[in-house]
Amino acid sequence: MTEQIADMGVVVRTAGGPDALEWMPLETAAPGPGEVRIVQRAIGVNFIDTYFRSGLYPWPSSPLIPGAEAAGVVAEIGAAVSDLNVGDRVAYTLPVGAYRTQRVIAAERLVKLPDSIAFDVAASVMLKGLTAQFLLTSCYPVKAGDTVLVHAAAGGVGLLLGQWLKALGATSIGTAGSPQKAAIAKANGYTHVIDYRAEDFVARVREITAGKGCDVVYDSVGKDTWRGSLKSLRLRGMFVHFGQSSGMIADFKFSDLASAGSLYAVRPMLFDYIKSREELCSRAADLFARLASGEIKAHVGQRAALRDAAAAHRDLESRRTIGATVLLP
Ligand SMILES: NC(=O)c1ccc[n+]([C@@H]2O[C@H](COP(=O)([O-])OP(=O)(O)OC[C@H]3O[C@@H](n4cnc5c(N)ncnc54)[C@H](OP(=O)(O)O)[C@@H]3O)[C@@H](O)[C@H]2O)c1
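Residues numbered from 1 in each chain as written. Predicted model: local features only at pLDDT ≥ 70, side-chain atom pairs only at ≥ 80, totals over all residues.

Looking along a regular strand, one sees the side chains alternate between the two faces of the sheet. Note that strand E11 (residues 214-219) and strand E12 (residues 233-241) share five bridges and pair parallel. Across the sheet, valine 216 pairs through a bridge with methionine 238, a residue of E12. As defined by bridge partners, E12 adjoins strand E13 (residues 264-266) across three bridges and the pair is classed as parallel. Bridge pairing in E13 places valine 240 opposite valine 266. This β-α-β element, E12 to helix H8 (residues 254-259) to E13, shows right-handed connectivity. (Pairing = 2+ DSSP bridges. Helix = DSSP H or I, 4+ residues; strand = E, 2+ residues; numbered from the N terminus. Right-handed = clockwise from strand over helix to strand, strands pointing away.)

See below:
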């Protein structure tokens, strides 16, 4: 009989609101070939966790354990794993499964953590930081002198994008939902910040760019911003729609790209940019080097116990968070 290890975690049996998140005992099997068991030290909260919890995104299996990024220590090694040892500090991002105290995971999805990166920092950048990395280097490669619009600039992904854009030499315009958030976005690298609940961001972007528009818009807000995002782009600019914090875009038509100035549009997902081990490791190496040099800093704005994941979801969905939220087992 396979040995089972007592574990605790957050489970969703029926899709719904934050109250659908239940703290309960789980069992973790011993690692099989190519797998390791890790004891998790910190787990990131992401908007994607709310999409799975609510049923917006289909579940890979039921019941659901949400959670898409975490960091911890290798506790047990399965057969055919050669490059990890018990005690190694590691981190990962996968679409679901991280809201638990221990986890068996494919060794090829883990990256080793440099000593300089704390567990809570790692758990706040494996998904959000790798997202910033692929958005700025692969999806639309930003170069010095580009003008870039980012919505939700004081959010988890948003604060990383602001610092990274500054390092790239771009002119960045961030939007944020309160004066306090706007000030934090400004302190995290944005050249200009617009409080888009108080001001018309399209008019302000036109003013800032002297009527020309931006080269690229990174829009993770979706329903409430996409029309304004298209209007904020230059001729043949790029609309990168990478999330929907305000709800799904339902009424977009291809002809909208023509009427807004022969625009390009893409709807990327991080997991398609880190499918191979080589790509995962090279993107993580870029991210870790920028963290180690201090060029970008993680901003963990909220910390909570893993068992309180429901409260963390409520805060994220009601726009009360700044930067990243980390759950501690
Ligand atoms: N495609 C990918 O691979 C990928 C990967 C990572 C993240 N994402 C997306 O990136 C976005 C940011 O993720 P995150 O985890 O860092 O979250 P976050 O940006 O920290 O939180 C979402 C923010 O969106 C803004 N927002 C605007 N309208 C909202 C509404 N009606 N309800 C809730 N929030 C609203 C709020 O900021 P303000 O109050 O300042 O408006 C809120 O703080 C999410 O849409 C996520 O799905 C996509």
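Under the domain assignment, the protein is made up of domain 1 (4-126 + 299-328) and domain 2 (129-270). Distance from the C-alpha centre of domain 1 to the C-alpha centre of domain 2: 28 Å. Between domain 1 and domain 2, the residue contacts involve eleven residues of the former and eleven residues of the latter. Per-class residue counts for the side of domain 1 that touches domain 2 are five nonpolar, five polar and one charged. (Domains from an automatic or database assignment. Contact = placed C-beta atoms within 7 Å. Nonpolar A, V, L, I, M, F, W, Y, C, P; charged D, E, K, R; others polar.)

Core analysis: the largest hydrophobic core is formed by 95 residues, its most contacted members being Ile43, Ala71, Val90, Ala91, Ala122, Ala123 and Ala185. For this core, the leading source of residues is helix H4 (residues 156-168), giving six residues. Domain assignment of the residues forming this core places at least three in each of domain 1 (4-126 + 299-328) and domain 2 (129-270). Those residues within four positions of alanine 71 in sequence are excluded, and the remaining contacts are Arg41, Ala42, Val90, Ala91, Leu113, Phe119, Ala122 and Ala123. (Core = buried A, V, L, I, M, F, W, Y, C linked by C-beta atoms within 7 Å. Buried ≥ 20, exposed ≤ 12 C-beta atoms within 10 Å, placed from the backbone.)

The next subject is H4. The terminal C-alpha atoms of H4, which comprises 13 residues, lie 19 Å apart, in line with the 18 Å expected from a rise of 1.5 Å per residue. Most of H4 is tucked away, with ten of its 13 residues classed as buried. Buried within H4 are the following residues: Gly156, Val157, Gly158, Leu159, Leu160, Leu161, Gly162, Gln163, Trp164 and Leu165. (Expected span 1.5 Å × (residues − 1).)

Near the ligand there are 30 residues, and of these Gly155, Gly156, Gly177, Ser220 and Gly243 occur at the shortest range. For the shell around the ligand, the elements supplying multiple residues, two or more each, are helix H1 (47-54), helix H3 (128-139), H4 and helix H10 (309-317). The class makeup of the residues in the shell around the ligand is 13 nonpolar, twelve polar and five charged. Residue-level mapping places the shell around the ligand at the junction of two domains, with at least three residues from each of domain 1 (4-126 + 299-328) and domain 2 (129-270). (Near = placed C-beta within 6 Å.)

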